[in-house]
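Listed below are the residues making up each chain.
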Amino acid sequence: MTHDHRPFGRLLTAMVSPFRADGSLDVEGAARLATYLVDEQANDALVINGTTGESPTTSDEEKEQLIRVVVEAVGDRAKVVAGVGTNDTSHTIELATAAEKAGAHGLLVVTPYYNKPPQAGLVRHFTAVADVTGLPMLVYDIPHRAGVPISTETLVRLAEHPRIVGVKDAKGDLVATSWVTSRTGLAFYSGDDAMTLPLLAVGAVGLVGTSTHVSGAGAQDMIQAYDRGDTAGALAVHRRLLPIFTGIFRSPGTILVKAAMNAKGLPGGPVRSPLVDATEEELAQLREDCEAAGLPL
């Protein structure tokens, strides 16, 4: 099956969901943050309601509200991809249907987590979700969170579906990725900021980032340099941004991204339990990492 080489552009950020001080959803803040990410951080698309967006602790109603407000804010100049994956196929289908109605341009569906389905179950799950909307879909392969990898053969089978167009790849297995990119037309997006350049070398097309809340413009430059054949330039940007590519994950990415947004006067707010807000020590380390990457907070 032939798909669009780059269905969501080069750079996507998995956007945090801004909350007010009392923990309620900051709808106006979400629109403002989305605008900043597209207009100032060079994002071609945004992922809403991913794990970085605290999807485990936002309600279905909040998820739909976030999609609508972000589509309204930036949907004329960036794609909006809705995270709809859960470990329950029927609930995932409900979220996918609601996301399409809310105006999303695509779906991100993570491997069902904790219940560890066999590969046949993964094929059935992803196919069932892809069947219910007209939206292009990325599958999200993240074994260290889901507990099970999506195998090469499973990805090759899924590539036959006309609406399964790509993979957010956080597996960290360059050989497995090489086999899939050589056998399918799936668009691979790095799901780990620091792995973007190595993945580009084996056929990936871009990044779904976390540190890109602050490093997006640089990450876009890196990918474009690689596309031009300027591998030395791409490597130089990779090395410059490495302190924040990796530093944003010293704690769960959501915690440190929200700390960074708050420090920059942008919408972030607190995290919801069971996450906890960054400590003063963590914020100080984050400032050091940003400084080292040439991106002072």
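Note that the coordinates shown come from a computational prediction; the quantities given were computed from them, not determined experimentally. (Residues numbered from 1 in each chain as written. Predicted model: local features only at pLDDT ≥ 70, side-chain atom pairs only at ≥ 80, totals over all residues. Heavy atoms only, no water.)

Thoughts on the pairing of strand S1 (residues 11–14)
Looking along a regular strand, one sees side chains alternate from face to face of the sheet. Burial along S1 is two-sided: the residues Leu11 and Thr13 and Leu12 and Ala14 are all buried. Direction of pairing for S1 relative to strand S8 (residues 206–209): parallel, over a ladder of three bridges. Residue pairing in the sheet places leucine 12 in a bridge with valine 208 of S8. Of the pairings in the sheet, the one linking S1 to strand S2 (residues 45–48) comprises three bridges and is parallel in character. Directly across from leucine 12, in S2, lies its bridge partner alanine 45. (Buried < 20%, exposed > 50% of the residue type's maximum accessible area, 1.4 Å probe, protein only. Helix = DSSP H or I, 4+ residues; strand = E, 2+ residues; numbered from the N terminus. Pairing = 2+ DSSP bridges.)

So, the pattern of salt bridges
All chains considered together, the criterion is met by twelve salt bridges. Of the charged contacts in the structure, one is a salt bridge between glutamate 28 and arginine 20, with a shortest N-O distance of 3.2 Å. For arginine 68, the salt bridge goes to glutamate 64, with nearest N and O atoms at 3.0 Å. In this pair, arginine 68 and glutamate 64 are both assigned in helix H2 (residues 60–74), four residues apart and thus about one turn of the helix distant. Residue arginine 68 is classed as partly exposed on the basis of its relative accessible area of 40%. With relative accessibility at 29%, the residue glutamate 64 sits in the partly exposed group. (Salt bridge = Lys/Arg side-chain N within 4 Å of Asp/Glu carboxyl O.)

Quick word on the UniProt feature "binding site: pyruvate" (unreviewed entry) in the chain
The residues that UniProt annotates with the feature "binding site: pyruvate" (unreviewed entry) are Thr52 and Val208. A maximum C-alpha distance of 11.0 Å among these annotated residues, which run over 157 residues, shows that they cluster at one spot. The residues touching threonine 52, leaving out its near neighbours within four places in the chain, are Ala14, Met15, Val16, Ser17, Thr210, His213 and Thr254. Mapped onto the fold, valine 208 is located in strand S8. Setting aside residues up to four positions removed in sequence, valine 208 forms contacts with Leu12, Ala14, Val47, Lys168, Tyr189, Ser190, Gly191 and Asp193. (UniProt positions renumbered as here; feature names shortened; annotations may be inferred. Contact = heavy atoms within 4.5 Å.)

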